[in-house]
Amino acid sequence: PRPVPTDGPNQVVIHVPAMTCASCPEKVAAALAKLEWVRGATIQADRRTRQVKFAVTDRGRFSLDKVRQAVLEAGFRRTDLLVGPTER
C-alpha cells in the first residue's frame, strides 16, 4: 500500500492488514504507546488505510521487532514497515 504522508522527523508508518474493526486503531495505538521511545501523542491510526503513523523520540532506539511484538500482543499477526523513521 502507498504510505500516508509523513510531516516531521522521526516518523514511522506501519501497515497492519488485520486492522479492520472500529476498535482496532485504539488497540494498536495503546500497544504502541507502551513502547518507551514512541511519542504517544503522535500516534495516528487509520482503519480505512489500515496504517498507523507515529513518531519516535530517538531514531537509534527504534526497533521494528519491538513494534511487531507490541502489535502482535494486541492481537494482530502481521505488521509491515512502510516508512521510517524519517530524517526530516
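As the structure is a computational prediction, the values presented were derived from the model and not from experiment. Sequence order as written defines residue numbering, which begins from 1 separately in each chain. In keeping with the predicted nature of the model, local features appear solely for residues at pLDDT of at least 70, side-chain atom pairs appear and are counted solely at 80 or more, and the whole-chain, interface and lining totals rest on all residues. Note: side-chain values were computed over all heavy atoms of the structure, leaving out hydrogens and water.

A few points about the sheet that holds strand 2 (residues 38–46)
To be explicit about the condition: By definition, two strands form a pair when at least two bridges between them are found by DSSP. Strands are runs of DSSP state E lasting at least 2 residues, helices are runs of H or I lasting at least 4, and numbering of each runs from the N terminus. Interaxial angle, 0 to 180 degrees, is taken between N-to-C directions of lines fitted to C-alpha atoms, where a helix line uses only the stretch in contact. Contact criterion: two residues are considered in contact whenever any of their non-hydrogen atoms come within 4.5 Å of each other.
Pairing in this open sheet of 4 strands is antiparallel, and the strands run 2-3-1-4 from one edge to the other. Of all strands in the sheet, those with a lone pairing partner are strand 2 and strand 4 (80–83), marking the two edges. Sheet twist, expressed as the average angle between the axes of neighbouring strands with direction ignored, equals 30°. Here strand 1 (residues 11–15) pairs with strand 3 (residues 51–56) via 5 bridges, running antiparallel. Bridge pairing links Ile14 to Val52 in strand 3. Strands in contact with helix 1 (residues 24–33) are strand 1, strand 2 and strand 3; relative to strand 2, the strand with the most contacts, it is inclined by about 160°. Running over the sheet, helix 2 (residues 64–73) touches strand 1, strand 3 and strand 4 and is turned about 125° from strand 4.

Some points on the pairing of strand 1
Here is the rule we go by: The rule is simple: take the accessible area with a 1.4 Å probe, protein chains only, and divide by the maximum for that residue type; under 20% is buried, over 50% is exposed, in between is partly exposed.
Burial of strand 1 is extensive: 5 of the 5 residues sit out of reach of the surface. Every second residue of strand 1 is oriented toward a common face, with Gln11, Val13 and His15 on one face and Val12 and Ile14 on the other, all of them buried. Sheet topology places strand 1 next to strand 4; 3 bridges connect them, and they run antiparallel. Residue pairing in the sheet places Val13 in a bridge with Val83 of strand 4.

Overview of the packing of aromatic side chains
Going by this rule: Each aromatic pair joins two rings of Phe, Tyr and Trp (for Trp, the six-membered one) with centres within 6.5 Å, and gets the label stacked for planes under 30 degrees apart, edge-to-face for over 60, and tilted for any other angle.
Tallying each qualifying case throughout the model produces 1 aromatic pair. Pairing Trp37 with Phe62 gives two aromatic rings, centres 5.7 Å apart and planes at 80°, and the pair type is edge-to-face. Of this pair, Trp37 sits in the loop between helix 1 and strand 2 while Phe62 sits in the loop between strand 3 and helix 2, placing them 25 residues apart in sequence. Each of the two residues, Trp37 as well as Phe62, counts as buried.

Re the pattern of salt bridges
Stated precisely, the cut-off is as follows: A side-chain nitrogen of Lys or Arg and a carboxyl oxygen of Asp or Glu constitute a salt bridge if their distance falls within 4 Å.
Applying the stated rule across the entire model yields 3 salt bridges. When the shortest N-O distance is used, the salt bridge between Lys53 and Asp7 registers 3.8 Å. With Lys53 in strand 3 and Asp7 in the segment before strand 1, this pair connects stretches of sequence that are 46 residues apart. Lys53 sits in the buried class, given a relative accessible area of 8%.

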